[in-house]
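Spelled out from the first residue to the last, the chains are:
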Amino acid sequence: FAEEECYEWLGGWDQVGGAVERRVDKAGRVLVVGNGNSGMAGAMARAGYREVVAMDFSERVVDRMRAKEPQVRWEVADVRAMAVFADGEFDAVLDKAVMDALVVDEGSPWEPGDAAKSDVAAMIREVLRVLRPGGLYMQITFQQPFFRSRYLRGVFDKRRSDHT
């Protein structure tokens, strides 16, 4: 991160912006979790999103991105413990490969390890906490839907009526 200007896991705004624009309301408050040095949050602001907030656990990256994309609110936070944000603060949360990073050492996708399951559960609890009722959680991921749904099914089933 010290020298790399920009890195786009799973493509940048040119590749995924259309899918985001079809699902995420530009008038809402949007949180981009684990943005890193991706151009995603800045591109969303330039595309007309009213309020874009981006976070990453690396203070160095956040400092660099604040200077590069001042139209975005930047925060240092761990996706598993986002105390810097209030309950229900966001209309949408965008996750572009963040959960992928949490499960990279999961072992078998058929039987993920306890650490991966714990990290994902903490992340999902925090995402649900910062989303307003009826809010949207959008994932852009490497992982096949079958394997990803194993992590999400139990958590979202309990709150299906509150979130999309």
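Residues numbered from 1 in each chain as written. Predicted model: local features only at pLDDT ≥ 70, side-chain atom pairs only at ≥ 80, totals over all residues. Heavy atoms only, no water.

Caption draft 1: Main features of the overall build of the protein. In terms of helices and strands, the protein carries six helices and five strands. The order of α-helices and β-strands along the protein, N terminus first, is α-β-α-β-α-β-β-α-α-β-α. Residues classed as buried in the protein amount to 48% of the 164 residues present. For the protein, restricting intrachain contacts to residue pairs at least 6 apart in sequence, the fraction spanning at least 24 positions comes to 69%. Surface exposure of the protein reaches about 8,400 Å², of which carbon and sulfur atoms provide 52%. (Helix = DSSP H or I, 4+ residues; strand = E, 2+ residues; numbered from the N terminus. Buried < 20%, exposed > 50% of the residue type's maximum accessible area, 1.4 Å probe, protein only. Contact = heavy atoms within 4.5 Å. Areas by Shrake-Rupley, 256 points an atom, 1.4 Å probe, with all protein chains shown as cover.)

Caption draft 2: Structural detail: the pattern of salt bridges. Here the structure, examined in full by the defined rule, presents 14 salt bridges. Among the ionic pairs, Glu21 bridges to Lys26, the shortest N-O distance being 2.9 Å. Connected through shared salt-bridge partners, Arg29, Arg50, Glu51, Arg73, Glu75 and Glu89 make up one network. (Salt bridge = Lys/Arg side-chain N within 4 Å of Asp/Glu carboxyl O.)

Caption draft 3: How the structure looks around the environment of Leu136. Following the sequence through the fold, Leu136 ends up in strand E5 (residues 131-140). For the pair Leu136 and Val93, spaced 43 residues apart in sequence, the C-alpha to C-alpha distance is 6.4 Å.

Caption draft 4: Fine view of the environment of Val20. Tracing the sequence through the fold places Val20 in helix H1 (residues 13-23). The spacing of Val20 and Leu94 is 74 residues in sequence and 8.6 Å in space, taken between C-alpha atoms. When sequence neighbours within four positions are dropped, the list of residues in contact with Val20 reads Trp13, Met44, Tyr49, Leu94, Met138 and Ile140.

Caption draft 5: Highlighting the sheet that holds strand E2 (residues 51-56). With parallel pairing, five strands are arranged side by side in an open sheet as E3-E2-E1-E4-E5. What marks the edges here is a single partner per strand, and that holds for strand E3 (73-76) and E5. Geometrically, the sheet is characterised by an average inter-axis angle of 20° between neighbouring strands, direction not taken into account. For strand E4 (residues 90-96) and E5, the ladder comprises six bridges, and the chain directions are parallel. (Pairing = 2+ DSSP bridges. Axes fitted to C-alpha atoms, helices over the stretch in contact; angles between N-to-C directions.)

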